[in-house]
Amino acid sequence: MKKIFLLLLILSPAMLLATTLHYYSEGRKIELSEDFSSYTFIKNTGVKATFEIPSSVKIRQSKEGIFILEAVDDASREKLQKNGILFPAYRSETGQIRNLTGQIYIKLAGAPNESTAKKWCKDNNLQFIKLYKYAPGWIVASTGSQNPIKLSAKFVEEKLAAAAEPSFFIKLQKRAYIPGDPFFPKQWHLHNDGTDSSLTGPDHAHVAEAWELLKAFKGDIGGTGIKLAIADDGFDLDHEDFKDKFLPGYDFCDNDDKPAYDPWNYDMHGTCCAGVAAAATDNDKGVAGACPNCKIIPIRLDFYEELDTSGLNAFEFAAENGADIISNSWGPADNYEPQDMTAPLKELVANITSTGGRHGRGIIITFAGGNGDEPIETDGFASNPNVFAIGASRADARRCSYSDYGEPLDFMAPSSDYDDDTYEQYDGIWTVDNTGYDGYNDKDPYYGDANGNYTNDFSGTSSACPLAAGIIGLVLYANPCLTRDEVYDILAETSDKIGGVTYENGFNSYYGYGRINACEAVKKALETAGRDISQATCGGEIKVLENGENTVTCDMGDSGDSGDSGDSGDTGSDQDTEPDSDILPDSDEIPESDSDGISSDEDTLPEPDSDTAEPEKKSSGCAISTL
């Protein structure tokens, strides 16, 4: 017995020496134990350029001097500790492995300005990074050699801050399933007359009918004055089908104002999403977007860095630059560990979707529901009660086989599906692709056009999400005075109850409130704007009984040929389209994204006070997935 015990001591010293730490998130005590299967290594700024990670160590992830390492032996561990900061991974009570980023979120009492926040950080031996405007009081800072978990608990327990939690790496993916056998070359999702035998059925989102309705009542096919932010991986800013479509954006991967795709980084997802939402229409080129005259705010994220501040950066930038809608075809990986938004991101989302955006009417945020054929509840992004979680449906009005489900699901929008056994694709989506060889279609007519400018096989809830966002742009064009909750109610009331299933109180956990019907939603929005739509039929005769514009008026903020719809702070003053310099990160700042929450038991610490009450989501839940 003694020999066995001694053997254990020799084989697993790390296991026996592992300690347990804790922090607090939204009043809950989260316990974590050290796990030595991987490490976060943060290289010292003064380390010589010749320093290299030991060859025996596996580098799983790296970003600007921060590494996630595996297979770290004792000799390598000693070398690394001499050249930087080394934190072990941490395991939650549910078995999740979490890697620290070396940063910490802190909520300071009151409404501190940047100067106050910087002083607080200096007094607590932290390096200030950013103060978030739309999550009042929340800052993110670097902890240096101090352990962010221990600091988080200290700041809360000693009442040095209103709230604090460590920043973790989070596995994010883009919401797309791109099969290799596309065969459908039409934009059936916008209009489907049922005559194409290659489709699984005649269902569609009735977008072309909505254009016809808007042209009759408003004079054009829709979207003028609406800003649609798309947070994704990169954009073909010079594409022929995006002429005059892009407003100033930002690249949180390269920290500059050019969110163009990187051909070496496999960036083409953002271009496709932008095409579905708002490609130029009636220009004799390529494809049509759901919201033809919407302007696009392109925001590039880094899906390889796994930093949990990406959402904070993207939403803060979008809100500051007057976005009406933010479309997100990304989030935690499907069929992986449950992930949640960080507390500051939740607060920021709650603020900008209620009174903090669109002059107090609330920005509409759409998230792809997920492609894992699993409950959305495992994903705290799309399931957040303040966002619209979008699932995917086929041309036969059935749920796509991969589309996630659950109480947090809000609405469906058309996308393509595939056969589980043969991987044959059904109902492929045509959209804009990176020009030439840099996209999904590398100049092969089988995958789109011969020039490689368009693809015919975009798929997943990645495609459904920007389609829903574009339709919401049409709704806001019909009545720009609508609040976020009023838009939600209109979609819930007018969506078609597809799938041949029972809807209880209008809701089904596999279909949400149904597949969005763009024409009926726009028609209802026109009615709420005071227009008489009694003689207007979707897909039929349209008789306009009134002349002139909407009979309701609301503060639209700035105006001009840029498509601006107003500053999100509701100041009422004119704003230009250039992003404010004070919200752009410093060149040496690490981009941010949302940390994932960990379910745990309630503990002794009381719930921190919140400056902003979260508006209730009209569906019965919250949750997302993103791939």
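Below: a short report on this structure. (Residues numbered from 1 in each chain as written. Predicted model: local features only at pLDDT ≥ 70, side-chain atom pairs only at ≥ 80, totals over all residues. Heavy atoms only, no water.)

### Observations regarding the overall build of the chain
When its secondary structure is counted, the chain shows twelve helices and 23 strands. Burial status across the chain gives 62% buried among its 627 residues. Partitioning the intrachain contacts of the chain with sequence separation of at least 6 by distance along the chain shows that 74% fall at a separation of at least 24. When the accessible surface of the chain is totalled, it reaches about 24200 Å², and 48% of it is carbon and sulfur. (Helix = DSSP H or I, 4+ residues; strand = E, 2+ residues; numbered from the N terminus. Buried < 20%, exposed > 50% of the residue type's maximum accessible area, 1.4 Å probe, protein only. Contact = heavy atoms within 4.5 Å. Areas by Shrake-Rupley, 256 points an atom, 1.4 Å probe, with all protein chains shown as cover.)

### Observations regarding the sheet that holds strand β18 (residues 388–393)
Across a sheet, strands are paired by hydrogen bonds formed along the backbone, either parallel or antiparallel in direction. Taking strand neighbours across the sheet as the criterion, the seven strands line up as β13-β14-β12-β15-β17-β18-β19 in an open arrangement whose pairing is parallel. The sheet terminates laterally at β13 (250–251) and β19 (411–414), the two strands that pair on one side only. Note that strand β17 (residues 364–368) and β18 share three bridges and pair parallel. When the bridges of β18 are listed, F367 appears paired with A389. Sitting on the sheet, helix α10 (residues 460–478) is in contact with β12 (227–232), β15 (325–328), β17, β18 and β19, with an inclination near 120° to β18. (Pairing = 2+ DSSP bridges. Axes fitted to C-alpha atoms, helices over the stretch in contact; angles between N-to-C directions.)

### Concerning helix α5 (residues 148–157)
When you tally the buried positions in α5, you get seven out of ten residues, the bulk of the element. If you check the start of α5, you find a side-chain oxygen 2.8 Å away from the backbone N of I149, and it comes from N147. K159 lies just past α5 and shows a positive phi near 55°. (Polar contact = N/O pair within 3.5 Å; in protein donor to acceptor, adjacent residues only side chain to side chain.)

### Examining the environment of F87
Structurally, F87 can be placed in strand β5 (residues 84–92). The buried category is assigned to F87, whose relative accessible area is 5%. It is 9.2 Å that separates the C-alpha atoms of F87 and F36, two residues lying 51 residues apart in sequence.

### Overview of the packing of aromatic side chains
For the structure shown, the criterion picks out 26 aromatic pairs. With a centroid separation of 6.2 Å and an interplanar angle of 10°, the aromatic rings of Y402 and Y418 are classed as stacked. With Y402 in the loop between β18 and β19 and Y418 in strand β20 (residues 417–418), this residue pair connects regions lying 16 residues apart in the sequence. Of the two residues, Y402 and Y418, both sit in the buried class. With 6.2 Å between their ring centres and 40° between their planes, F411 and Y513 make a pair best called tilted. (Phe/Tyr/Trp six-rings, centres within 6.5 Å; stacked < 30°, edge-to-face > 60°.)

### Side note on the side chain of N99
Positionally, N99 belongs in the loop between β6 (97–98) and β7 (100–107). Side chain to side chain, N99 and S38 meet in a polar contact 3.2 Å long. For N99, the side chain forms a polar contact with the side chain of R60, separated by 3.0 Å.

### Structural notes on the sheet that holds strand β8 (residues 127–131)
Strand order in the open sheet made by the four strands is β8-β9-β7-β10, with antiparallel pairing throughout. The sheet is open, and its two edges are formed by β8 and β10 (163–168), each paired on a single side. Taking the axes of each pair of neighbouring strands and ignoring which way they run, one obtains an average angle of 30° across the sheet. One ladder, built from five bridges, connects β7 with β10; its direction is antiparallel. Bridge assignment links I104 to a residue of β10, and that residue is P166. Contacts between helix α9 (residues 343–352) and the sheet are confined to β7, β9 (138–142) and β10, with β9 contributing the most and set at about 150° to the helix.

### Section: the state of the cysteines
As enumerated under the stated definition, the model contains two disulfides in all. What pairs with C291 in a disulfide is C294, and their sulfur atoms sit 2.1 Å apart. Its torsion about the S-S bond being 65°, the disulfide of C291 and C294 is classed as right-handed. A single burial state applies to C291 and to C294, both of which are buried. The disulfide partner of C519 is C538, and the gap between their sulfur atoms is 2.1 Å. With the S-S bond torsion at -95°, the cross-link from C519 to C538 turns out left-handed. Here C538 lies in the segment after α12 (518–528) and C519 lies in helix α12, a separation of 19 residues in the sequence. On the basis of relative accessibility, which here comes to 1%, the residue C519 falls in the buried class. (Disulfide = S-S within 2.5 Å.)

### Brief notes about the pattern of salt bridges
Counted under the stated rule, the structure contains 23 salt bridges. Close ionic contact of D396 with R394 constitutes a salt bridge, the shortest N to O distance being 2.7 Å. Linked through salt bridges whose partners overlap, the residues forming this network are D251, D254, D267 and R300. (Salt bridge = Lys/Arg side-chain N within 4 Å of Asp/Glu carboxyl O.)

### Quick look at unusual backbone geometry
Within the chain, K159 stands out as a residue other than glycine whose phi angle is a positive 55°. Structurally, K159 is set in the loop between α5 and β10.

### Considering the packing of helix α6 (residues 207–218) against α10
When two helices pack together, you describe them by how their axes are tilted relative to each other and by the distance separating the axes. Contact geometry of α6 with α10 gives a least axis separation of 11 Å together with a crossing angle of 15°. As far as their axial angle goes, α10 and α6 are roughly parallel. When you trace α6 past α10, the crossing you get is left-handed. Of the residues in α10, those in contact with V207, A210, W211, L214 and K218 of α6 are L467, I471, L474, Y477 and A478. (Parallel < 35°, antiparallel > 145°, perpendicular 65-115°, else oblique. Left-handed = near helix turned anticlockwise from the far one by under 90°.)

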